[in-house]
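# Close look at the chain arrangement
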Amino acid sequence: MRHAALRSVREAWAAADALADGKRSISLLPDWGKGYSRAGLAALKGRDAEAAYWFYANGLKRDPSNSELLNGRSSVLQELLRSAISGHHWPSLAIIDHH
């Protein structure tokens, strides 16, 4: 039990560090899709699917053919749909992308 709790804490810290790195990449190179992809994956691992969607969708506005961003956005949408169907959480309408 204690080992699992420590692992969970380490994973949360790693996700927070990765998210900070992704945000830093975005601030330095706002047109580089990889920064958005990194931030999106980190947010998803940190269990914030709505933030992950935001990073993927905004990255695609800058780099529309980036396969990592396309695949990430698809994964996040599947996660949000699973969560909504199971009744755990209904995503905010603010994440809807109006392309």
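For clarity, every value in this text was computed on a predicted model and none was experimentally measured.

## Side note on the overall build of the protein chain
Helix and strand counts for the protein chain come out as 4 helices and 0 strands. Along the chain direction, N to C, the helices and strands of the protein chain fall in the order α-α-α-α. Accessible surface, the protein chain: about 6800 Å² in total, of which carbon and sulfur atoms supply 58%.

## Details of a nonpolar patch on the surface
A cluster of nonpolar side chains, namely Leu28, Leu29 and Trp32, defines an oily patch on the protein surface of about 330 Å² accessible area. Relative to the elements of secondary structure, Leu28 occurs in helix 1 (residues 2-28). A relative accessible area of 64% places Leu28 in the exposed class.

## Some words on the environment of Pro64
Positionally, Pro64 belongs in the loop between helix 3 (49-62) and helix 4 (67-85). Take Pro64: its relative accessible area is 58%, and that puts it in the exposed class.

## Here we look at unusual backbone geometry
One non-glycine residue with positive phi stands out, namely Arg47, at about 65 degrees. Mapping Arg47 onto the fold places it in the loop between helix 2 (33-45) and helix 3.

## Quick notes on helix 2
Given a rise of 1.5 Å per residue, 13 residues ought to cover 18 Å, and the 18 Å separating the end C-alpha atoms of helix 2 matches this to within 8%. Those residues of helix 2 lying buried are Gly33, Gly35, Tyr36, Ser37, Ala39, Gly40, Ala42 and Ala43. Immediately beyond the C-terminal end of helix 2, within one or two residues, lies Arg47, with a positive phi of roughly 65 degrees.

## Quick look at the confidence of the model for the protein chain
Predicted coordinates in regions of low pLDDT should not be interpreted in detail. Averaged over every residue, the pLDDT of the protein chain is 84; the share at 70 or more is 78%. Mean pLDDT across the elements of the protein chain ranges from a minimum in helix 1, with 79, to a maximum in helix 3, with 95.

## Brief notes about the packing of helix 2 against helix 4
One way to put it is that helix 2 packs onto helix 4 with a least axis distance of 9 Å and a crossing angle of 25 degrees. In this view, helix 2 runs roughly parallel relative to helix 4, as classed from their interaxial angle. The two elements helix 2 and helix 4 cross, and the hand of that crossing is left-handed. Contacts between helix 2 and helix 4 involve Gly33, Lys34, Tyr36, Ser37 and Leu44 from the first element and Glu68, Leu69, Val76 and Glu79 from the second.

## Points about the pattern of salt bridges
As enumerated under the stated definition, the model contains 3 salt bridges in all. Salt-bridge contacts for Asp21 lead to Arg24; the nearest nitrogen and oxygen are separated by 2.3 Å. Here the residue Asp21 and the residue Arg24 both occupy positions in helix 1, the gap between them amounting to 3 residues, near one helical turn. Here Arg24 falls in the partly exposed class, since its relative accessible area comes to 47%. Here Glu68 and Lys34 are joined by a salt bridge, their closest N and O atoms 3.1 Å apart. Pair noted here: Glu68 is in helix 4 and Lys34 is in helix 2, with a separation of 34 residues, a long-range link. Glu68 sits in the partly exposed class, given a relative accessible area of 36%. Residue classification places Lys34 among the partly exposed residues on the basis of a relative accessible area of 28%.

What counts and what doesn't
- Residue numbers here run from 1 along each chain, matching the order of that chain's written sequence.
- For a predicted model such as this one, the threshold for reporting local features is a pLDDT of at least 70, and the threshold for listing and counting side-chain atom pairs is 80 or more; totals across whole chains, interfaces and linings nevertheless cover every residue.
- To obtain the side-chain values, all non-hydrogen atoms of the structure were included, while hydrogens and water were left out.
- Under the scheme used here, helices are H or I runs from DSSP no shorter than 4 residues and strands are E runs no shorter than 2 residues, and both carry numbers assigned from the N terminus.
- Method for areas: the Shrake-Rupley scheme with a 1.4 Å probe, in which residue coverage is limited to the protein chains shown.
- Each patch is built from salt-bridge-free residues with over 30% relative accessible area, joining like charges within 9 Å and nonpolar side chains (Val, Leu, Ile, Met, Phe, Trp, Tyr) within 5 Å.
- When a carboxyl oxygen of Asp or Glu is within 4 Å of a side-chain nitrogen of Lys or Arg, the pair counts as a salt bridge.
- Relative accessibility decides the category of a residue: with a 1.4 Å probe and only protein chains considered, values under 20% of the type maximum give buried, values over 50% give exposed, and everything between is partly exposed.
- A helix is expected to span 1.5 Å multiplied by its residue count minus one.
- Scored from 0 to 100, pLDDT records how confident the predictor is in each individual residue.
- Note on geometry: axes are lines fitted to C-alpha atoms, helical ones only across the stretch in contact, with angles between N-to-C directions running from 0 to 180 degrees.
- By definition in this entry, angles of less than 35 degrees are roughly parallel, angles greater than 145 are roughly antiparallel, angles of 65 to 115 are roughly perpendicular, and the rest are oblique.
- Rotating anticlockwise by less than a right angle from the far helix to the near helix defines a left-handed crossing, while the corresponding clockwise rotation defines a right-handed one.
- Here, residues are in contact when the closest pair of their heavy atoms is within 4.5 Å.

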